[in-house]
Amino acid sequence: MPEKQKLKNILVYCGASMGSKPVYKETAKAFGYLLAEKNIGLVYGGGSIGLMGVIADAVLEKGGHVTGVIPHFLNTAEVGHNGVSELILVENMHERKALMLTRCDAVVALPGGFGTLDELFEALTWSQLELHRKPIGLLNVEGYYDHLLALAASMQAEGFLQPATRNLLLHDTEMGSLLQRLDEHLPAADAPEHLEIT
């Protein structure tokens, strides 16, 4: 059996705001530190504000590698982070999301708003359609995503989600445990993707 590859780069979706509780900022910072400690590169939306900026700064502070991907029109609105290891400017949101997903081994969503959910659900949908095999995780900080997880359970009960589809979304309250689960769900190194993300 071929060996599984190890996590090298994680795509993190999170808010361009700080949220109402200090724990959101604290968690984003701690997660950034953990990624750098484990020599896992951060791929993210390229902003310097909100939780996006916090996690990027934390990875950089500990000497880690950060790749930001941001559309030209958001480079001003979200204040593109010019201090990251690599800042890639793209033309639109679709190009941003597709490129971020191709540059990572796994995905994690921290607390955020509509934009975070848009990115998360697109990654899940693309996985359901077998456009990629990257594991997707949800860091459920102090119950922030409890209602979303309850909705997923309801969607399954109502016949709109198959159990296997619902199980595409790994979730945990502990970041170290979530990283371990993502690593365990990585495809074999030589496993081909069914389709290419374009």
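Basis of the calculations
Residues numbered from 1 in each chain as written. Predicted model: local features only at pLDDT ≥ 70, side-chain atom pairs only at ≥ 80, totals over all residues. Heavy atoms only, no water. Pairing = 2+ DSSP bridges. Helix = DSSP H or I, 4+ residues; strand = E, 2+ residues; numbered from the N terminus. Axes fitted to C-alpha atoms, helices over the stretch in contact; angles between N-to-C directions. Contact = heavy atoms within 4.5 Å. Buried < 20%, exposed > 50% of the residue type's maximum accessible area, 1.4 Å probe, protein only. Arc of directions from axis to C-beta. Phe/Tyr/Trp six-rings, centres within 6.5 Å; stacked < 30°, edge-to-face > 60°. Lys NZ or Arg CZ within 6 Å of the ring centre and 35° of its normal. Expected span 1.5 Å × (residues − 1).

Draft legend 1. Quick look at the sheet that holds strand β6 (residues 136-139). Spatial ordering of the open sheet is given by β4-β3-β2-β1-β5-β6-β7, a layout of seven strands whose pairing is parallel. At either end of the open sheet lies a strand with only one pairing partner, and these are β4 (86-90) and β7 (169-172). Sheet twist, expressed as the mean angle between neighbouring strand axes with direction ignored, is 25°. Relative to strand β5 (residues 106-109), strand β1 (residues 9-13) runs parallel, the two being bridged by four bridges. Within β5, the residue paired with Y13 across the bridge is A109. Helix α5 (residues 114-128) rests against β1, β5, β6 and β7 of the sheet, and its axis sits at about 150° to β6.

Draft legend 2. Here's a closer look at helix α8 (residues 175-184). Every buried residue of α8 is accounted for by M175, L178, L179, L182 and D183. Down the axis of α8, the smallest arc covering the buried residues is 140°, so these residues share one side. Taken together, the buried residues of α8 touch β1, α1 (22-37), β5, β6 and β7.

Draft legend 3. Looking closely at the packing of aromatic side chains. Evaluation of the coordinates by the stated rule reveals two aromatic pairs. An angle of 75° between the planes, with centres 5.6 Å apart, marks the rings of Y24 and Y144 as edge-to-face. Taken as a pair, Y24 in helix α1 and Y144 in the loop between β6 and α6 (146-157) lie far apart in primary sequence, 120 residues in all. Here the aromatic rings of Y144 and Y145 are separated by 4.8 Å at their centres, their planes lie at 85°, and the arrangement is edge-to-face. Put simply, the rings of Y24, Y144 and Y145 touch in pairs and so form one group of aromatic residues. Taking the ring centre of Y33 as reference, the NZ or CZ of K62 above it sits at 4.8 Å.

Draft legend 4. Just helix α2 (residues 50-61), in detail. Under the 1.5 Å per step criterion, the end-to-end length of α2 is 17 Å for twelve residues, consistent within 8% with the ideal 16 Å. Here α2 lies mainly inside the structure; nine of its twelve residues are buried. Turning to α2, its buried residues number three or more, namely G50, L51, M52, G53, V54, I55, A56, A58 and V59. If you follow the buried residues of α2, they end up packed against β1, α1, β2 (41-44), β3 (66-71) and α4 (93-102).

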